Number of protein chains: 2
Amino acid sequence: MTGILRQVRHFIEGVKGFSASGIDAGLRKQPAPDLALIAADRPCAAAGVFTTNLVRAAPVIVDEARLRANPDRIRAILINAAVANACTGEPGLYKAEQSAIWTAQALNCRPEEVLVMSTGVIGVQLPIEKIQSGIPVAVSELRPDGWSSAARAIMTTDTKPKRASYEIDGINVSGIAKGSGMISPNMATMLAVVATDANVPVVLLQRALREAVDRSFNRIVVDGDMSTNDSVVVMASGAGDVTVAENDGTLASLTIGLSAVCMTLARQIVYDGEGATKFISIRVTGARSIEEARQIGRTIASSTLVKTAFYGGDANWGRILAAAGRAGVELNAKKLALWYDDLQLVLDGTPVNYDEARANTIAGQPEITIKLDLGMGLQEATVWTCDLTHEYVDINGHYRT
Amino acid sequence: MTGILRQVRHFIEGVKGFSASGIDAGLRKQPAPDLALIAADRPCAAAGVFTTNLVRAAPVIVDEARLRANPDRIRAILINAAVANACTGEPGLYKAEQSAIWTAQALNCRPEEVLVMSTGVIGVQLPIEKIQSGIPVAVSELRPDGWSSAARAIMTTDTKPKRASYEIDGINVSGIAKGSGMISPNMATMLAVVATDANVPVVLLQRALREAVDRSFNRIVVDGDMSTNDSVVVMASGAGDVTVAENDGTLASLTIGLSAVCMTLARQIVYDGEGATKFISIRVTGARSIEEARQIGRTIASSTLVKTAFYGGDANWGRILAAAGRAGVELNAKKLALWYDDLQLVLDGTPVNYDEARANTIAGQPEITIKLDLGMGLQEATVWTCDLTHEYVDINGHYRT
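Residues numbered from 1 in each chain as written. Chains lettered and ligands numbered in written order. Predicted model: local features only at pLDDT ≥ 70, side-chain atom pairs only at ≥ 80, totals over all residues. Heavy atoms only, no water.

(A) Structural context of the overall build of chain A. Each helix and strand in chain A was counted, giving 11 helices and 16 strands. For 401 residues, the compact-globule estimate of 2.2 N^0.38 gives 21 Å, and chain A sits close to it at 22 Å. Each principal axis of the C-alpha distribution contributes one length, and for chain A these read about 70 × 55 × 35 Å. Nonlocal contacts in chain A, meaning residues at least 24 apart in sequence, comprise 80% of its contacts between residues at least 6 apart. Summed over its atoms, the accessible surface of chain A is roughly 13,900 Å², and 50% of this surface lies on carbon and sulfur atoms. Looking at chain A, you have 38 positive and 43 negative side-chain charges, and the mean spots of the two groups are 1 Å apart. (Helix = DSSP H or I, 4+ residues; strand = E, 2+ residues; numbered from the N terminus. Rg over C-alpha atoms; globule rule 2.2 N^0.38 Å. Contact = heavy atoms within 4.5 Å. Areas by Shrake-Rupley, 256 points an atom, 1.4 Å probe, with all protein chains shown as cover. Lys, Arg positive; Asp, Glu negative; His and termini not counted. Charge placed at Lys NZ, Arg CZ, Asp CG, Glu CD.)

See below:
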């Protein structure tokens, strides 16, 4: 049904119909790019997935309304770093809308066709004059290959820009993301913008995005916190050769392409987790349902005791079982089995006579796969996380100062 | 109805009918007390509250069964540090029961009258010969004023022994506890033993303990993890002057006395939280129910972003609102109000024009009270927690090594 998924070597070569830029609007304390613009040369189908936090930032409120009212005519996304525009009340909403108005004027489209995203400190109003002067510069800098500049402009505590491009069956998909702290499933605290050149009906684009997010951003945990601003938006320009339909394999191809981009971005976020030194895959098998497997995986991935043990390279597996036991999911402690990579540590809930030195060696690796088998069913899920380190404490103890 | 609650100055002066000891049985890597015994000179009424983790240590399984079968004839509690006897299967259960048999022989009572508790590393079998040789020593060291020795023997990463004594209306209540990491509500990962000289029917003792635990240990969060071994047990000797009954005020007095001891012990645990430098009270008001208030308080208290911000003395209040928003409780972001001590920072979900320097000064204090008002109802709850520090990462990165 579906063909070859090809990872595009030169990340973010651009996607037909789109251009991007990233410029310095003076929003940060230090000079650095802080305002990104993604623009399409025609109205696009678009879909979004947003934070489930009940404290929602102004741009999330604005974008959700626009994607409900106007999902087949989105032209651009303006993204600023430094200020989250969250907990900013009516003035915050007004400023988000005003930013869209200025962007629309500069791009010669309607304000309802422009989405906005913000990331940064909560509770501070957008410095709206700086946004106003930045927008014409961002528009003038728009380039088909400007995605890397955009990826750089949206970074906060990220140490690297995050980007990915795939091609499958003639469909091109590219995306950028930011996020390294406040990362939790449902949604990871992050922003991502994904673009495709396929021609996609809105309802199919929504379905494909939901599935891609479920396979990617909803599987990662950095510190278990969830932000007020999490947003993933996909735009489809239709400037390419493929029109996506439900039953001819093209929807499957789009879903695979979107998923590949989102998974790559999600993994980049975990690799770049605040202060992280290790990438940990937690695979929970033998579950009665995927949801239960994921719930246990998330609880393990959120445990500060588990995460500090990996930082110390200590195979303290008891903490993994203890975390599983408090996940709120029925389990039988006597049926648990645990592996670090291919080394089995636990069988029937008790330790086997394993090689302790080897277990600690594995726990000290930069990449580790933990497999916990519940012995209760046939379902499984994998969650990705990182360790909890001194540097995490440094970064988050003084984020605003 | 109830009289004066008097904090006994010299902690753990002893409670009529009980003696205690703490000795070095050689369980730790370094010489130090590691085996504690609390014994009554007659059969006691007893009640317990245990971890809700589904991975339960052997001593928890043993004690729950004994308190079900034999709640009015408990004579002693043997507690060891260093090894948790969790994830140890049938051999672990056998060793827990064998420890009780030896203790009963030395005390000349029945094995079913002895409870056991363990704390330490998960997945390691009890060094049973050391326990066997330690028991007669612990028995020979029993003293009415031996509680402080017992409190010292059960410490793990604790830096201070934890103990409290109160007297109310002729009822004496004393207790010891251990616990500094893996502390979460429902139950905090900790052990506590409380003794009273009142004569109490089992059913009233259970009710009073449940209420005391709800007001104390179930309100504290150090790192959000919950252990396999959490246990609080109370024993009532009846050697004092008061017999507790339901309707004459004595049950209320007992409940207040038990609550005072448990709250003092719980606060000591938070003060001694692994690496903690700050004591943070999170008071959630204006809730529709106590349970919802507590759920939001716990989510804030468990947020690593909130806890690292307090470590850094950074009044990053947006993280508190963001944590509240993901607590799984309905709330209206526009109604939230927030105070640090008596300084109001947020009204109607947005920041007021507060004194930033003063907010940071408060965030840097050793004791801070955060009040979050939801504006939805009349209920409230308070949760206590500590900050997340470099030292926490140190301690837990290398706990076993």
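(B) How the structure looks around the environment of Gly325(A). Structurally, the position occupied by Gly325(A) is in helix α9 (residues 318-325). A C-alpha to C-alpha distance of 38 Å links Gly325(A) and Leu254(A), two positions 71 residues apart in sequence. The residues contacting Gly325(A), other than those within four sequence positions of it, are Leu331(A), Thr52(B), Asn53(B), Leu54(B) and Val55(B).

(C) Up close: the pattern of salt bridges. All names here are of chain A. Throughout the structure, instances matching the rule amount to 29 salt bridges over all chains. The partner of Asp272 in a salt bridge is Lys162, and the shortest N-O contact between them spans 2.6 Å. Remark: Lys162 occurs in strand β6 (residues 162-168) and Asp272 occurs in the loop between α6 (250-271) and β11 (279-287); sequence separation between them is 110 residues. What makes Asp272 buried here is its relative accessible area of 8%. In this structure, Glu211 and Arg215 form a salt bridge, with 2.7 Å as the shortest nitrogen-oxygen distance. Placement of the pair is Glu211 and Arg215 together in helix α5 (residues 202-215), with a separation of four residues, close to one helical turn. On the basis of relative accessibility, which here comes to 36%, the residue Glu211 falls in the partly exposed class. (Salt bridge = Lys/Arg side-chain N within 4 Å of Asp/Glu carboxyl O. Buried < 20%, exposed > 50% of the residue type's maximum accessible area, 1.4 Å probe, protein only.)

(D) Focus on helix α7 (residues 290-302) of chain B. Taking 1.5 Å of rise per residue, the 13 residues of α7(B) would be expected to cover 18 Å, and the 18 Å separating its terminal C-alpha atoms lies within 8% of that figure. Every buried residue of α7(B) is listed here: Ala293(B), Arg294(B), Ile296(B), Gly297(B), Arg298(B), Thr299(B), Ile300(B) and Ala301(B). (Expected span 1.5 Å × (residues − 1).)

(E) Seen up close, the pairing of strand β10 (residues 231-236) of chain A. Residues and elements named next belong to chain A. Taken across its six residues, β10 has six buried, putting it largely inside the fold. Here β10 shows no split at all, with Ser231, Val233 and Met235 on one side and Val232, Val234 and Ala236 on the other all buried. In the sheet, strand β3 (residues 35-50) pairs with β10 via six bridges, with the strands oriented antiparallel. Bridging across to β10, Val49 finds its partner in Val232. Summarising the sheet, strand β8 (residues 191-196) and β10 pair through six bridges and their orientation is parallel. Bridging from a neighbouring strand, Leu191 pairs with Ser231 of β10. (Pairing = 2+ DSSP bridges.)

(F) Representation of the sheet that holds strand β15 (residues 367-373) of chain A. Residue and element names in this part refer to chain A. Taken together, the seven strands give an open sheet; going across it, the order is β9-β16-β11-β15-β12-β13-β14, and neighbouring strands pair in mixed fashion. Looking at which strands have only one partner, the edges of the open sheet turn out to be β9 (220-221) and β14 (350-351). In this sheet, strand β16 (residues 379-386) lies alongside β11 in antiparallel orientation, the contact comprising seven bridges. Bridging across to β16, Ile282 finds its partner in Val383. Contacts between α6 and the sheet are confined to β9, β11, β15 and β16, with β16 contributing the most and set at about 45 degrees to the helix. (Axes fitted to C-alpha atoms, helices over the stretch in contact; angles between N-to-C directions.)

(G) Structural detail: the packing of aromatic side chains. Throughout the structure, instances matching the rule amount to eight aromatic pairs over all chains. With 4.5 Å between their ring centres and 20 degrees between their planes, Tyr271(A) and Phe279(A) make a pair best called stacked. For Tyr271(A), a relative accessible area of 41% corresponds to the partly exposed category. Given a relative accessible area of 1%, Phe279(A) falls into the buried group. Of the aromatic side chains, those joined through ring pairs into one cluster are Tyr271(A), Phe279(A) and Trp384(A). Looking at Arg267(B), its charged tip hangs above the ring of Trp384(B), at a distance of 5.3 Å from the centre. Taking the ring centre of Trp339(B) as reference, the NZ or CZ of Lys371(B) above it sits at 4.4 Å. (Phe/Tyr/Trp six-rings, centres within 6.5 Å; stacked < 30°, edge-to-face > 60°. Lys NZ or Arg CZ within 6 Å of the ring centre and 35° of its normal.)

(H) View of the environment of Asn70(B). Residue and element names in this part refer to chain B. Relative to the elements of secondary structure, Asn70 occurs in the loop between α1 (58-69) and β4 (74-80). On the basis of relative accessibility, which here comes to 10%, the residue Asn70 falls in the buried class. Put simply, Asn70 and His390 are 320 residues apart on the chain and 46 Å apart in space, counted from C-alpha to C-alpha.

(I) Local environment of the sheet that holds strand β15 (residues 367-373) of chain B. Residue and element names in this part refer to chain B. As summarised here, the arrangement of the seven strands in space is β9-β16-β11-β15-β12-β13-β14, forming an open sheet in which the pairing is mixed. The sheet is open, and its two edges are formed by β9 (220-221) and β14 (350-351), each paired on a single side. One ladder, built from two bridges, connects strand β13 (residues 343-347) with β14; its direction is antiparallel. Considered in β14, the bridge of Val346 is made with Pro351.

(J) Molecular detail of the state of the cysteines. All names here are of chain B. For the structure shown, the criterion picks out zero disulfides over all chains. Among the cysteines around Cys262, which has no disulfide bond, Cys44 carries the closest sulfur, lying 16 Å off. On the basis of relative accessible area, Cys262 is assigned to the buried category, the value being 0%. (Disulfide = S-S within 2.5 Å.)

(K) Highlighting the confidence of the model for chain A. All names here are of chain A. In this model, chain A carries a mean pLDDT of 89, and residues with pLDDT of at least 70 account for 92%. Here residues 182-188 is a poorly scored stretch, pLDDT under 50, and it has 49 contacts once near neighbours within four places are set aside; other chains count. Two summary scores accompany this predicted model of the complex, namely pTM at 0.79 and ipTM at 0.70. (pLDDT = per-residue confidence, 0-100.)

(L) Quick peek at the packing of α7(B) against helix α9 (residues 318-325) of chain B. Residues and elements named next belong to chain B. Remark: α7 packs on α9, axes separated minimally by 8 Å, with the N-to-C direction vectors making an angle of 130 degrees. Judged by the inter-axis angle, α7 sits oblique to α9. Considering only the axes of α7 and α9, their crossing is right-handed. The segment α7 lies against α9, with Ile296, Thr299 and Ile300 engaging Ile320, Ala323 and Ala324. (Parallel < 35°, antiparallel > 145°, perpendicular 65-115°, else oblique. Left-handed = near helix turned anticlockwise from the far one by under 90°.)

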